[in-house]
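Coordinate inspection notes
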Amino acid sequence: MTGPANVRYLTGFTGTNGWLLLCGQQAAFLTDRRYEEQAADELRDISVVVSSTGLHDALARAVEGRDLERLDFEPDHVTVTLKEKLEAAVEVEWVAAAAPVETQRRRKDAEEIEAIRAALVVTEAALQEVANALAPGQTEVEVAADLERACRRRGAEGMAFETIVAAGRRSALPHGVASARRLEAGEPVMIDMGCKLDGYCSDLTRMMWCGGAPDPRWLEVHDLVDRARAAALLMVGPGVAAVDVDAAARAVLDEAGYADAFTHGIGHGVGLEIHEAPKVSSRSADQLEAGMVLTVEPGVYLEGEFGIRIEDLVWVTDDGCERLTTLSPRPVMLRRFA
Ligand code: ZN
Ligand code: ZN
C-alpha cells in the first residue's frame, strides 16, 4: 500500500512517507529516518523497516529471504518512475490491484463520522466568524487567509483543499480559488471551504451577498438551487443509486430551465480525503450504503453573471440520511456593505 490515506486508514500512521507491506498474515511498515520515532509511537504490533535510500530499498529488505511470486500494488498511488524502481528492487510479478482499501473506506464507522462532524463544526464556526467581519475592499485572498486562520485557531491541522472565495462574476467559476479581487457592495460572494481535523475532512459552501437587498434574480436562482439541494437530500438513503440523487437535483433545475448551468455532479464522498468514493453524479455506478458520508452540492453557473452553489455534508443512516451541516442554507447578508 503506497497511498497515504490508505496507509493511515490501516495503520494510524499520520506521516507523509510510509508504505504498508502485507504478506500473508504478516505486515511490515516501511518508512524513512525522519519518521522512525513517529512510526514507533503510532504503530502497534507491526515491524518497521527504515531506509535512508528510498522505500523501495526498505521493501527489498523486508521481502528478503521470502519466496514471493507476485506483489500487488495500488495503481492510483504508484507513478511510472516508482513502478520502475519497484521492479528493479524486487523481481516478482507486479500486479495492479483493484482498490480494496478505498472500497472499505466508503463506509465510515461511528468514530469516523464524529471526526468529520468535528471538522465541520470548526469550519462552520470559522465561516460565521469571518463572514460577520467581512468589509468592502478586502481581497478574496485576505478573506481566505482569515478563514484558514479561524480554522487553525480552532484546532484544525490545515485545510482540506484550496479555499474558494469568489466574488461577483468570479462566482460563476465552479472552482474560483481566492484571487486579488476586492469585495464590493452589491455583489455576491461564494465561499467553499473545509478543514482537516484528526485527519478527516469537512466541506461546506455558502453564498453571501455584500449589502442589504440582493438582486431579485440572484435570490430567485439561490432559491432554486436550495430547492435542488432539498430534493437531493430527500433522495439520499441506503440502497439508493447515486445517479438518482443527482437526477433529483437536476430535475428541479431542469424544470426552471437551468439544467445546462449545473456543470458538475451533485456530490462526492468525504473522509480522510476530500474527494473519495462514492461518486455521486449522473455517471456514477455506485449505490449508497449506510455509513457513507457525502456532499450534496447543486450549483448553477451563469458565465459573465454569477454562480450559486449550496453544499451540505450528510451521512447515510439505516433509513435515510442525517445532515451533518447545521448552518442554514439561506444566503448570508453582509451588513457592513450596506
Ligand atoms: Zn466544497
Ligand atoms: Zn464538495
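These numbers were taken from a predicted model, which means no experiment stands behind them.

The rules behind these values
Residues numbered from 1 in each chain as written. Chains lettered and ligands numbered in written order. Predicted model: local features only at pLDDT ≥ 70, side-chain atom pairs only at ≥ 80, totals over all residues. Heavy atoms only, no water. Donors = N, O, S within 2.8 Å, 3.2 Å for Na, K, Ca; no water. Tetrahedral: all angles 85-135°; square planar, octahedral: opposite > 155°, others 65-115°. Helix = DSSP H or I, 4+ residues; strand = E, 2+ residues; numbered from the N terminus. Buried < 20%, exposed > 50% of the residue type's maximum accessible area, 1.4 Å probe, protein only. Domains from an automatic or database assignment. Contact = heavy atoms within 4.5 Å. Buried area = accessible area lost by both parts, 1.4 Å probe. Salt bridge = Lys/Arg side-chain N within 4 Å of Asp/Glu carboxyl O. Polar contact = N/O pair within 3.5 Å; in protein donor to acceptor, adjacent residues only side chain to side chain. Pairing = 2+ DSSP bridges. Axes fitted to C-alpha atoms, helices over the stretch in contact; angles between N-to-C directions.

Further remarks concern the coordination of the zinc ion (ligand 2). For a metal bound by four donors in tetrahedral geometry, the ideal donor-metal-donor angle is 109.5 degrees, whereas six donors in octahedral geometry ideally sit at 90 or 180 degrees. Those protein atoms acting as donors to the zinc ion (ligand 2) are Asp203 (OD), His268 (NE2), Glu297 (OE) and Glu311 (OE), and they sit at 2.1 to 2.2 Å. What the four donor atoms of the zinc ion (ligand 2) show is an angle range of 77 to 147° at the metal, which sorts the shape as irregular. In terms of primary sequence, the donors binding the zinc ion (ligand 2) are separated according to D-x64-H-x28-E-x13-E. Between the zinc ion (ligand 2) and the zinc ion (ligand 1), a separation of 3.1 Å is found, and both are coordinated by Asp203. Taken together, the residues Asp203 in the loop between β10 (200-201) and β11 (204-210) and Glu297 in the loop between β14 (293-296) and β15 (299-302) connect sequence positions 94 residues apart. Relative accessible area serves as the criterion here: at 3%, Asp203 is assigned to the buried category. According to the relative accessible area criterion, Glu297 is buried, its value standing at 8%.

When the parts of a complex come together, some accessible area is lost, and that lost area is often used as the size of the interface. The domain boundaries assigned to the chain delineate domain 1 (4-105) and domain 2 (110-334). Each of domain 1 and domain 2 has a C-alpha centre, and the two are 35 Å apart. Tallying the contact residues gives four residues for domain 1 and seven residues for domain 2. Taking both sides of the interface into account, the surface hidden between domain 1 and domain 2 amounts to around 530 Å²; carbon and sulfur atoms contribute 48%. Taking the shortest distance from any N to any O, the salt bridge between Arg105 and Glu273 comes out at 2.9 Å. In this structure, the connection of domain 1 to domain 2 is made through three residue pairs in polar contact (both at pLDDT 80 or more).

By secondary structure assignment, the location of Glu74 is in the loop between β4 (70-73) and α4 (80-89). Within the local environment of Glu74, its side chain forms a polar contact with the side chain of Asn6, the two groups lying 2.6 Å apart. Discounting chain neighbours no more than four positions away, the residues touching Glu74 are Met1, Thr2, Gly3, Asn6 and Glu102.

Strand order in this open sheet of four strands is β7-β8-β11-β19, and the pairing throughout is mixed. Pairing within the sheet leaves two strands with one partner each, and these edge strands are β7 (164-167) and β19 (332-334). On average, each strand axis in the sheet is tilted by 20° relative to the strand beside it, whichever way the strands run. The sheet contact formed by β11 and β19 spans three bridges and is parallel. Bridging from a neighbouring strand, Trp209 pairs with Met333 of β19. Running over the sheet, helix α6 (residues 110-133) touches β8 (188-193), β11 and β19 and is turned about 10° from β11. Set on the sheet, helix α7 (residues 140-153) makes contact with β7 and β8; between it and β7 the angle comes to about 145°.

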